[in-house]
Amino acid sequence: MRQPRSGPGKSRGRGRGPRIPATTLRKQQAALANVDQITGAKIPKSFVFSRGKLPSTLRHLQQDLRKVMLPYTALNLKEKKRNNLKDFVNVAGPLGVTHFLILSNPKSLPHLRFSNSPQGPTFTFQIEEYALAADIANSQKRPRCPPGIFKNSPLVVLSGFSGLGNPFESLVEYFQHMVPAVDPSTVKLAECQRILLLKYDKEKEVVDFRHYSIKLQPVGVSRRIRKLMQNNQVPDLRDLKDVSDYVTKAGYGSESEVDDEAATVSLPSDVDKLNQASRKSAVRLQEIGPRMTMRLVKVEAGLCSGDVLYPWPVAKESVGKKGGVNEEDIGQEDTEDGLEDGSEEEMEE
């Protein structure tokens, strides 16, 4: 029995909804990209850029900071001299960027500003000491920084900020929301591969900025067995009489890099083939840089503007000498000029 044909006003498709316009689909995809699919919270994103001319070492520091903020930052953000602060603010809105890390090099010492976009506040730090990621790697016998650890955001660990009051309470809130929040009930341990440590030294009144990689090692398993399971390759046994000789060879039979009880944990779930919930694993932190020692010198209510909430506690005439931020030092990069033609295209990733 033949089915009647569809009339001119009827659709021939079965089970198909109305067609979504391409522009609407792109907006929906962009909105989903800015929201954590597990927690439903908005994913914080960042821009790391500079104001004014920087020497080569600070340029490398800027690139290191971009790696710290991966994956929710523009690693290859292009900057032009004619871009002003308002250009970055206008581009940040459509891209869902919520945080700015701004490097500058005034006459005193380098400065790093942490800002919320688009309304602030802004926390200005004077960088008293710093070391690049390359310097940290060169100082280590076995540097470890696999590219895969940057696929997920670092875990932010804060220390020494309790009981300080404002503006440090606002600063703690800024640091906590600088990267996506972690839900202990749903987070996968394999995704936790980096730690960003921010420690406040109450005696020196400085903030120590440290960046580590996390490595888990099963306790009591020799290095050769670990390599055998991780590489999934058959070892060279031509010079050995038995397979057991490979395991019990002098220097490797019972070698275990970390057996400290304080460094061992019992995993709640399996991480990989070696680190499983049925056995204990040792947690190793290895610094990958960059490293900074920073002093808070200024807090502004707005985005690099507005009321000063925390000045340097000395006489006004000596603020610039003690590391306070002077607009004359930083330059005229933060003027309220309008957008120039083509400025948005020049700051694409």
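Residues numbered from 1 in each chain as written. Predicted model: local features only at pLDDT ≥ 70, side-chain atom pairs only at ≥ 80, totals over all residues. Heavy atoms only, no water.

The protein appears in an unreviewed UniProt entry as Brix domain-containing protein from Urochloa decumbens.

## Overview of the environment of F209
Selection criterion: We count a stretch as a helix when DSSP gives it H or I for four or more residues in a row; a strand needs E for two or more, and each element gets its number in order from the N terminus. Contacts are assigned to residue pairs with any non-hydrogen atoms lying within 4.5 Å of each other.
Looking at where F209 falls in the secondary structure, it is placed in strand β7 (residues 206-218). Residues F209 and K199, spaced ten residues apart in sequence, show a C-alpha to C-alpha distance of 6.8 Å. Beyond its immediate sequence surroundings of up to four residues, F209 is in contact with L65, V68, L196, L197, L198, P290, R291, M292 and M294.

## Some words on the environment of L58
Let me state the cut-off plainly: Any residue under 20% of the maximum accessible area for its type is buried, any over 50% is exposed, and the rest in between are partly exposed; the area is computed with a 1.4 Å probe on protein chains only.
By the secondary structure assignment, L58 is in helix α2 (residues 56-68). Taking the relative accessible area as the measure of exposure, L58 reaches 1% and is therefore buried. As a C-alpha pair, L58 and Y130 span 72 residues in sequence and 9.5 Å in three-dimensional space. Once you skip the residues sitting within four places of it in the chain, L58 turns out to touch L103, N105, P110 and Y130.

## A word on the environment of L132
Among the structural elements, L132 can be located in the loop between β4 (122-131) and α4 (133-138). We classify L132 as buried; its relative accessible area is 12%. Look past the residues within four positions of L132 in its chain and what remains in contact with it is T57, H60, L61, D64 and P290.

## Thoughts on the nonpolar core
For clarity, the threshold we go by: Within this scheme, the nonpolar core is defined by two criteria: the residues are buried Ala, Val, Leu, Ile, Met, Phe, Trp, Tyr or Cys, and they are joined through side-chain atoms within 4.5 Å.
If you look at the biggest cluster of nonpolar residues, it comprises 32 residues, and the most contacted ones within it are L112, F114, F125, F161 and F175. Contributing elements (two or more residues each) for this core: α2, β2 (99-104), β3 (111-116), β4, α5 (168-176), β6 (194-201), β7 and β10 (291-300). With five residues, α5 is the largest single contributor of residues to this core. Contacts of F175, omitting those with residues within four sequence positions, involve F114, F125, V156, L158, F161 and L198.

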